[in-house]
Amino acid sequence: QVQLVESGGGLVQAGESLRLSCGASGSTFSGNRYAMGWFRQALGKEREFVAVVSWNGEHTYYSPSVKGRFTISRDNAKNTLYLQMNSLKPEDTAVYLCATSRKILPFGAQDFDSWGQGTQVTVSS
């Protein structure tokens, strides 16, 4: 079982930046080649894919709505996933969740196995 804990959310103004972190632990995480991704869910809306990074960090894929503004990265030595969010917009307001997948570079929620509880990001206009 993999445990994931997100942090770094908060309230910012439009145009500002935030960096989210996701710490991973658990007996099944170490030594496994998990892709890791970020999703978000706004109030009353479905969960939305944001970005994914391959197990070694060499490959990434972004939703068109965040491409060019957000950067996903990981530090496997620290078992930590990051999401650098720049030029934030009010429509980025959501709970952001990290997740792991045994697939190479998935972007569908159904392809992810373990999920964190999420961290709230609120962007005011």
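Preceding block: the structure.
(A) Quick look at the packing of aromatic side chains. Enumeration over the complete set of coordinates arrives at seven aromatic pairs. Centroid distance Phe39 to Phe49: 5.6 Å. Interplanar angle 75°. Geometry classified as edge-to-face. Placement of Phe39 in strand β4 (residues 35–41) and of Phe49 in strand β5 (residues 48–53) is noted, with a sequence separation of ten residues between them. Pair check on accessibility: Phe39 and Phe49 agree, each one buried. Cluster of aromatic residues (ring-pair linked, three or more members): Phe39, Phe49, Tyr61, Phe107, Phe112 and Trp115. Just above the ring of Trp55 sits the side chain of Arg33; from NZ or CZ to the centre is 4.2 Å.

(B) Quick look at the pairing of strand β8 (residues 80–85). Counting buried residues along β8, five of its six residues qualify, which places the element largely inside the surrounding structure. As judged from the six bridges shared by strand β3 (residues 18–25) and β8, these two strands associate in the antiparallel manner. Across the sheet, residue Leu20 finds its bridge partner in β8, namely Leu83. The turn linking strand β7 (residues 70–75) back onto β8 is made up of four residues, and Asn79 within it adopts a positive phi angle of 50°.

Rules and cut-offs
Residues numbered from 1 in each chain as written. Predicted model: local features only at pLDDT ≥ 70, side-chain atom pairs only at ≥ 80, totals over all residues. Heavy atoms only, no water. Phe/Tyr/Trp six-rings, centres within 6.5 Å; stacked < 30°, edge-to-face > 60°. Helix = DSSP H or I, 4+ residues; strand = E, 2+ residues; numbered from the N terminus. Buried < 20%, exposed > 50% of the residue type's maximum accessible area, 1.4 Å probe, protein only. Lys NZ or Arg CZ within 6 Å of the ring centre and 35° of its normal. Pairing = 2+ DSSP bridges.

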